[in-house]
Amino acid sequence: MINQSSNLPMPVLIIEDDKVIQQRLQHILMAIGYTKSDILFTDTLKQSLAIIKKQQVAFVLVDLGLPDGNGTKFIQTFRQKNETIPVLVISAWSTREAILKAIQAGATGYLLKERDDFEVSMSIKHVLQGGTPIDPFMAQLILSTVFKKPQPLQNSQEALSSRELEILEYVVQGMNNQDIANLLELSRYTIEAHLRNIYSKLAVDSRSKAIKIAHSLGFF
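For the structure given in this document, a descriptive report is provided here.

## Examining the overall build of the chain
Secondary structure assignment for the chain yields 10 helices and 9 strands. With 220 residues in all, the chain has 53% of them scored as buried. Within the chain, residue pairs in contact and separated by at least 24 positions form 62% of the contacts whose partners lie at least 6 positions apart. With an accessible surface of roughly 11,000 Å², the chain has 51% of that area assigned to carbon and sulfur atoms.

## Some words on the pattern of salt bridges
For the coordinates displayed, the defined rule picks out 9 salt bridges. Where Asp 43 meets Lys 19, a salt bridge forms, and the shortest distance between an N and an O atom there is 3.5 Å. One end of the pair, Asp 43, is in the loop between β4 (39–42) and α2 (45–54); the other, Lys 19, is in helix α1 (residues 19–32), and 24 residues separate them in sequence. Of the charged contacts, one joins Asp 63 and Lys 113 as a salt bridge, the two residues approaching to 3.0 Å between their closest N and O atoms. Of the two residues, Asp 63 sits in the loop between β5 (59–62) and β6 (65–66) while Lys 113 sits in the loop between β9 (109–112) and α5 (117–128), which places them 50 residues apart along the sequence. Each of Glu 16, Asp 63 and Lys 113 takes part in one network of salt bridges that share partners.

## Considering the environment of Ser 206
The topology assignment puts Ser 206 in the loop between α9 (188–202) and α10 (207–216). The sequence separation of Ser 206 and Leu 195 amounts to 11 residues, and the corresponding C-alpha distance is 9.4 Å.

## Some thoughts on the side chain of Arg 115
Tracing the sequence through the fold places Arg 115 in the loop between β9 and α5. The class of Arg 115 is buried, set by a relative accessible area of 17%. Side chain to side chain, Arg 115 and Asp 135 meet in a polar contact 2.8 Å long.

## So, the sheet that holds β9
Spatial ordering of the open sheet is given by β4-β3-β5-β8-β9, a layout of 5 strands whose pairing is parallel. In this open sheet, the two edge strands, each paired with only one partner strand, are β4 and β9. Strand after strand, the sheet turns through a mean of 20° between neighbouring axes, direction not considered. Inspection of the sheet shows β5 paired to strand β8 (residues 87–91) by 3 bridges, in the parallel sense. Directly across from Val 60, in β8, lies its bridge partner Val 87. Across the face of the sheet, α2 comes into contact with β3 (12–15) and β4 while running at roughly 140° to β4.

Reading guide: rules and limits
Residues numbered from 1 in each chain as written. Predicted model: local features only at pLDDT ≥ 70, side-chain atom pairs only at ≥ 80, totals over all residues. Heavy atoms only, no water. Helix = DSSP H or I, 4+ residues; strand = E, 2+ residues; numbered from the N terminus. Buried < 20%, exposed > 50% of the residue type's maximum accessible area, 1.4 Å probe, protein only. Contact = heavy atoms within 4.5 Å. Areas by Shrake-Rupley, 256 points an atom, 1.4 Å probe, with all protein chains shown as cover. Salt bridge = Lys/Arg side-chain N within 4 Å of Asp/Glu carboxyl O. Polar contact = N/O pair within 3.5 Å; in protein donor to acceptor, adjacent residues only side chain to side chain. Pairing = 2+ DSSP bridges. Axes fitted to C-alpha atoms, helices over the stretch in contact; angles between N-to-C directions.

Printed below as a string of structure tokens:
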């Protein structure tokens, strides 16, 4: 639904077990134009999955570290029936693996809890305008591991090689495998092999998800 007075999607579901953070996010949302009646709260994964079975929500703010599980599990389940509704992760988790898994699951954006109210408000507005905000620290962390000489990373993920980055850039531009092969004077099978490596390193399983991560992290 749309809040007719402010043109905001509602209701908003806040998934957060810290009551102080709940109140902080409510305050930020109300400053944007929401009312208390537009906002729902849950503090466990179980409660969150139950509420989306009972009613439709139009926007979700989700923490990853929940008492009974990972918020990424909620995102995965939510995305099975709600492909376009914005989901903004607001979490204290600041690892490369956490953000990649959240984006792979379908998160629209990712922000650290340490950001001030203005930054959180701007990220929320960005999401509601169709954007994909990524916390500056997280983007810097991931870029620093991607744009360097290949070396083993946690969970057997590796940094992208210069050739893989080149191919990924052409993929983002919309070129198909044969066009990329012709441009680089390589076989289509070689390009496909590079793409399989790229998908593995970015923890995705499709061309569209690789493009989404590339855009989200500002690779090109």
